[in-house]
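This is what each chain is made of:
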Amino acid sequence: MNYQEILRRGESFLKKNKIKNPFLDSELILSKVINKKREEILLNASTKVKNTDIKKFNKYILRRRQKEPMAYILGYKHFWKYKFLTNKSVLIPRPDTELVIEETLKYLPINNSKKILDIGTGSGCIIVSLLKERPKCIATAIDLSKKAINVAKSNAKLHQLENKINFINIDIDKYNSYNYDLIISNPPYINSVELSRLDDDVIIHEPKSALSGGLDGFKEIKKVIKKSKKLLKINGKLIFEIGERQKYRCLEILYKNGFFVNKISKDLSGKDRCVISTKLK
Ligand code: GLN
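Bear in mind the structure is a predicted one, so any value in this text is a computation, not a measurement.

1. Concerning the site of the ligand
Thought 1: The ligand sits among L91, R94, N186, P187, P188, Y189, I190, A210, L211 and E241.
Thought 2: One nitrogen or oxygen atom from the side chain of R94 is found 3.0 Å from an oxygen atom belonging to the ligand.
Thought 3: When the ligand is considered free in solution it has 300 Å² of accessible area, and contact with the protein chains removes 87% of it.
Thought 4: Across the shell around the ligand, the residue classes tally to seven nonpolar, one polar and two charged.

2. Let's talk about the side chain of T140
Thought 1: Mapping T140 onto the fold places it in strand β4 (residues 138-143).
Thought 2: Of the residues examined, T140 reaches a relative accessible area of 9% and is grouped as buried.
Thought 3: At 3.1 Å, the side chain of T140 and the side chain of Y180 are in polar contact.
Thought 4: In this structure T140 touches I116, L117, D118, N166, I168, Y175 and Y180, once residues within four positions along its chain are discounted.

3. Focus: the pairing of β4
Thought 1: Most of β4 is tucked away: five of the six residues are buried.
Thought 2: Pairing between strand β3 (residues 115-119) and β4: five bridges, direction parallel. Following the sheet pairing, I119 is matched in β4 by I142.
Thought 3: In terms of handedness, the path from β3 via helix α7 (residues 125-133) over to β4 forms a crossover that is right-handed.
Thought 4: Relative to strand β5 (residues 165-169), β4 is paired through five bridges, and the arrangement is parallel. Residue pairing across strands places A139 opposite I165, the latter belonging to β5.
Thought 5: Following the backbone out of β4, through helix α8 (residues 146-158) and into the adjacent parallel β5, one traces a crossover that is right-handed.

4. As for the pattern of salt bridges
Thought 1: With the rule as written, the count across this model stands at 22 salt bridges.
Thought 2: The salt bridge partner of E220 is K223, with a shortest N-O separation of 3.5 Å. Here E220 pairs with K223, and both are found in helix α11 (residues 219-231), just three residues apart, close to one helical turn.
Thought 3: Overall, the relative accessible area of 24% leaves K223 in the partly exposed class.
Thought 4: Here D272 ties to K266 by a salt bridge, and the two come within 3.1 Å at their closest N and O atoms.
Thought 5: You can call K266 partly exposed: its relative accessible area is 47%.
Thought 6: Overlapping salt bridges bring together D173, K219, E220 and K223 as one network.

5. Thoughts on the nonpolar core
Thought 1: With 30 residues, the main nonpolar core has L117, I183, I221, I225, L238, F240 and L254 as its most contacted residues.
Thought 2: Going through the elements one at a time, β3, β6 (180-185), α11, β7 (232-241), α12 (247-256) and β8 (259-266) are the ones with two or more residues in this core.
Thought 3: In contact with L254, other than residues within four places in its own chain, are I225, L238, F240, F259, V261, V275 and S277.
Thought 4: Counting residues in hydrophobic clusters, the runner-up holds 29 residues, among them L108, L130, A152 and F167.

6. Description of the state of the cysteines
Thought 1: Overall, the coordinates contain zero disulfides when judged by the stated rule.
Thought 2: Free cysteine C125: the closest other cysteine sulfur is in C274, separated by 13 Å.
Thought 3: For C125, a relative accessible area of 7% gives the class buried.
Thought 4: No disulfide involves C137; its nearest neighbouring cysteine sulfur is the one of C274, lying 16 Å away.

7. Thoughts on the side chain of D25
Thought 1: Take D25: it is sitting in helix α2 (residues 22-34).
Thought 2: With near-sequence residues (within four places) excluded, D25 lies in contact with L14, I19, R64 and M70.

8. Remarks on the sheet that holds β5
Backbone-to-backbone hydrogen bonds pair the strands of a sheet. The strands run either parallel or antiparallel.
Thought 1: With mixed pairing, the seven strands of this open sheet are ordered in space as β5-β4-β3-β6-β7-β9-β8. Edge positions in the open sheet fall to β5 and β8, since each of these has one partner strand only. Going from strand to strand, the sheet's axes swing by 15° on average, the running direction of each strand aside.
Thought 2: The strands touched by α12 are β7, β8 and β9 (272-279); relative to β8, the strand with the most contacts, the crossing angle is about 160°.

9. So, the packing of α11 against α12
Thought 1: With their axes 10 Å apart at the nearest point, α11 and α12 run at an angle of 30° to one another. Comparing their axes, α12 and α11 come out roughly parallel. Here the hand of the crossing between α11 and α12 comes out right-handed. Two secondary-structure elements touch here, α11 through I221, K222 and I225 and α12 through R249, C250, I253 and L254.

Conventions used here
- Residues numbered from 1 in each chain as written.
- Predicted model: local features only at pLDDT ≥ 70, side-chain atom pairs only at ≥ 80, totals over all residues.
- Heavy atoms only, no water.
- Near = heavy atom within 4 Å.
- Polar contact = N/O pair within 3.5 Å; in protein donor to acceptor, adjacent residues only side chain to side chain.
- Areas by Shrake-Rupley, 256 points an atom, 1.4 Å probe, with all protein chains shown as cover.
- Nonpolar A, V, L, I, M, F, W, Y, C, P; charged D, E, K, R; others polar.
- Helix = DSSP H or I, 4+ residues; strand = E, 2+ residues; numbered from the N terminus.
- Buried < 20%, exposed > 50% of the residue type's maximum accessible area, 1.4 Å probe, protein only.
- Contact = heavy atoms within 4.5 Å.
- Pairing = 2+ DSSP bridges.
- Right-handed = clockwise from strand over helix to strand, strands pointing away.
- Salt bridge = Lys/Arg side-chain N within 4 Å of Asp/Glu carboxyl O.
- Core = buried A, V, L, I, M, F, W, Y, C linked by side-chain atoms within 4.5 Å.
- Disulfide = S-S within 2.5 Å.
- Axes fitted to C-alpha atoms, helices over the stretch in contact; angles between N-to-C directions.
- Parallel < 35°, antiparallel > 145°, perpendicular 65-115°, else oblique.
- Left-handed = near helix turned anticlockwise from the far one by under 90°.

Set out below in structure tokens:
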């Protein structure tokens with residue numbers, strides 16, 4: 001079997017199983033298996049595939065048929081300007097979350113050395129991207145999941161930031177280090193009704209603990225706000241991601257906890273997505 005034939009076979013199998021981008025996925029999987037760029041595959045369509053590679057290819061295609069996201073099959077996902085290692089212990093970085101980076105950078109002048117905390121770091125994509133842009137800052141990144149912390153550490157190393165970010169496997173409730181200039185977070189914020197309606201790719205394969213915000217979706221957001229009130233310096237900023245219908249309740253919780261809300265910005269599809277707030281007292 002040659003490149004073209006195996007690609008077509010992968011494509012038609014995925015298509016039959018109603019996977020959305022069957023040709024692209026088939027191509028990316030072959031590219032991973034034979035360790036060649038997609039362009040090279042297309043230019044060498046009649047090259048034979050080794051038997052061991054056919055077996056590997058089939059294994060990955062079967063995983064994709066089970067709706068496993070490509071980011072887990074390939075082991076990485078692009079976010080902001082970089083490539084991040086991903087596995088099933090971490091939420092796959094989403095384009096919407098790049099808004100958190102964009103907004104945060106506006107409040108972090110390029111030469112400032114600020115002290116940042118990332119709550120629920122997951123793959124570490126937010127804090128790593130930020131520190132790449134603002135190399136004078138230092139950070140702590142915490143996560144309840146030990147496995148997530150390991151992925152985040154690998155990503156920091158991959159991007160030469162292992163000495164700038166301190167990773168700690170701890171529950172936010174138990175974390176008590178003060179005086180941060182900035183706290184960022186993409187907390188789990190999906191409520192239980194919406195959780196049950198998510199795509200199979202997400203709900204079967206991604207870590208529920210990184211998605212579920214309890215019955216009303218606000219369980220973890222509340223924790224982040226309350227804790228940030230304690231851990232931030234006066235005038236420190238709390239910048240975090242929210243779900244599309246969480247703006248008003250979020251405003252309420254922030255005001256109750258002594259925050260000023262600078263802005264709530266919308267993602268590319270016009271949904272409220274990123275809260276920028278300041279601790280007043
Ligand atoms: N935006 C993600 C999703 O809809 C959820 C991320 C989160 O809960 N923080 O899948």
